[in-house]
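# Secondary and tertiary structure notes
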Amino acid sequence: MNERQNDGSLMALSGRHDASEGGHDAGAARPPRAAPGAARPGVVYLVGAGPGDPGLFTLRGAELLATADVVLYDELVHPALLDGAREDADVRSVGKRGGDRVQKDAKQAEIDAELVALGLAGRSVVRLKGGDPFLFGRGSEEAEALARAGVPFEVVPGVCSPLGATAYAGISLTHRNIASSVMIVSGVTRAGRPFDWSELASVRGTICVLMGMQALDAVVAGLMGPGRRDPATPAAAIQWGTRADQRVISSRLDELPRRAREAGLQSPAVIVVGAVTSLRDALRWFDRKPLFGKRVLVTRPRHQARATSRLIRLRGGEAVELATIEIHPPPDPARVTEAVRGLSGYDAVLFTSENGVTCFFREMDRLGLDARAFGAARLAAIGPGTAAALAARGVRADIIPGEFRGEELAQAVLADPVLAERLAARPAAGVRVLLARALVAREVLPERLRAAGCEVDVVPVYETRPASAARREALIRALSAGEIEVVLLTSSSTVDSLCELLGEGAAARLDRVLLASIGPITTATAEKRGLRIGVTAEVSTTAGLLDALDRYFAALQAAPASAGQ
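Anyway, here's the lowdown on the structure attached to this text. Quick caveat: nothing in here was measured; it's all calculated off a predicted structure. (Residues numbered from 1 in each chain as written. Predicted model: local features only at pLDDT ≥ 70, side-chain atom pairs only at ≥ 80, totals over all residues. Heavy atoms only, no water.)

To continue, consider the nonpolar core. By size, the foremost hydrophobic cluster in this structure holds 29 residues, and its most contacted members are Val349, Phe360, Phe361 and Phe374. Secondary-structure elements contributing two or more residues to this core are helix 10 (333-341), strand 14 (348-351), helix 11 (354-366), strand 15 (378-381), helix 12 (384-391), strand 16 (432-438) and strand 17 (455-466). At five residues, helix 11 tops the list of elements feeding residues into this core. Apart from residues no more than four positions distant in its own chain, phenylalanine 361 is found in contact with Phe351, Phe374, Leu390, Arg393 and Val395. (Core = buried A, V, L, I, M, F, W, Y, C linked by side-chain atoms within 4.5 Å. Buried < 20%, exposed > 50% of the residue type's maximum accessible area, 1.4 Å probe, protein only. Helix = DSSP H or I, 4+ residues; strand = E, 2+ residues; numbered from the N terminus. Contact = heavy atoms within 4.5 Å.)

This is the structure in structure tokens:
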């Protein structure tokens, strides 16, 4: 009997018991309870989104974003953060960039009025602002407007750009031996006039200037005024700090405008002035990651792409999500229903993908079944990703092969001691195996099991189809413009769909990028299509594929150094 997690069933039983106690009619429906930390109706939450990297978003911010009715976000908020919003939430951009101060003020007045109207209408609202709401983010102005209208509000601080961008650039704002203070200033005032740099005459620590790139010459001239900073003071400018496209230049203060122009640095950027910037060569870490700055195409369906994209960002890269396949219901859903209802009659249930798990359990949910429906069946997963998908549904896989291929899964199933004992006990009848998979898949797994005496029911629980023509055009544009450097090939079906999506000339278009394959079977499929694979993972998982990419790019980085020795 395989071990399972029964928390879901226990919670359901506890809920029914609770509903029958106290002064409530057991037959009356109770209104659903909101989670303790959920966004409350009629409250506006001013939430800091952080400096760019979605991983720096706070837990409280994520909790509110996931439960709010309305989300109004700034232009600089990373798009991946918006994936955390409720599916039925009203999510709108209210970004305002550019040099027209009057237009910006008018736009801000509209935002203030909208927040008040939404709050008074009883909506729960997250106002998602780049960095921290109260640090040059006009969060205080929005809070004042809410307070005047009597609308309740809360503030959730965010990691501000001076802290986040400098840390990712390898610049410590303070240092016991170098700088004991930090001054953060805006490059322009509300009226659009330059900051009064005479206020910094006595500041000897680190100076951070925000919103100063459009007037960088004036900013530097002001910092070098009488009694202020020496022109030779170390300085740096950090564009898109904490993101994969982060760019940093370091120079003397007086040379910073020229160096920024040569590098093409623009807003948004943080200017840092002080001796601490000289520590960058020793402290830099983010832009030394092997995947730093690489734009990696994730071809998986959107619900699976999120996890892969997060892993890419953790390694310093930027994910470009564009699914080459779409998941559709199977052509014969009645077969899936029949298989789910007859689960207790199987000795083993096999899953060969996360999509298979998702679609199979969707039918179980529809029929009101849980883990107990599997009875004494042994559960097999082709790899750790599929096993994790089972674990998320409260079920533990009994069988996971060492190598994540159909051949290895068949061998692992036949070597399982429980199934081997059942097979030996009833050689005539064999053991009954249910294989829940895609409509089109390799036949090696069921064939080997049948050859060993198993009765195998192959039940397609989903169908993969090529993506739409609109995605084809978007992908061709991105490849032609050099906006993609690496393409992840995570299955043979992904390879086929990618080639079908690109049509004639697919191999030529993909020859411009690094193709990274999740394993030898996928590589073989790609090579049959005329594709040139640059990296094949040794461990056939998404993490294993990214590990292989790390090693590939680390070797490239080390090659010039080795050549110079």
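Read on for the rest.
Enumeration over the complete set of coordinates arrives at two cavities of 30 Å³ or more. A volume near 70 Å³ is recorded for the largest cavity. If you trace the largest cavity, you find it lined by Gly52, Asp53, Pro54, His78, Thr242, Arg243, Ala244, Phe286, Arg313, Gly317 and Glu318. Put simply, the second largest cavity is a space of about 40 Å³. Among the elements of the structure, helix 13 (406-415) and helix 14 (417-425) are those that each provide at least two residues to the lining of the second largest cavity. For the lining of the second largest cavity, the element with the most residues is helix 14, which contributes three residues. (1 Å grid on protein atoms, 1.4 Å probe; cavity = no way out; pocket = protein on both sides within 12 Å on 5 of 7 lines; lining within 4 Å. Points joined across faces, edges and corners; volume = space filled by probe spheres on them.)

Across the sheet, five strands lie side by side as 12-11-18-19-20; this open sheet has parallel pairing. Of all the strands in the sheet, just strand 12 (318-321) and strand 20 (535-536) have a single pairing partner and so form its edges. (Pairing = 2+ DSSP bridges.)

Right, let's get into the environment of serine 497. Take serine 497: it is sitting in helix 17 (residues 492-502). Its relative accessible area of 7% is what places serine 497 among the buried residues. As a C-alpha pair, serine 497 and proline 466 span 31 residues in sequence and 5.1 Å in three-dimensional space. Not counting residues up to four positions away in its chain, the partners in contact with serine 497 are Thr324, Ile325 and Pro466.

A few words on the packing of aromatic side chains. Taken as a whole and judged by the stated rule, the model has 10 aromatic pairs. Taken together, the aromatic side chains of Tyr168, Trp285, Phe286 and Phe292 make up a single cluster linked through ring pairs. Across from the ring centre of phenylalanine 553, 4.7 Å away, lies the NZ or CZ of lysine 294, which sits over that ring. Its guanidinium or amino end placed over the ring of tyrosine 346, arginine 432 lies 4.2 Å from that ring's centre, counting from NZ or CZ. (Phe/Tyr/Trp six-rings, centres within 6.5 Å; stacked < 30°, edge-to-face > 60°. Lys NZ or Arg CZ within 6 Å of the ring centre and 35° of its normal.)

Okay, the environment of glycine 394 next. Structurally, glycine 394 can be placed in the loop between helix 12 and helix 13. For glycine 394 and aspartate 370, which are 24 residues apart along the polypeptide, the C-alpha to C-alpha distance reads 8.7 Å.

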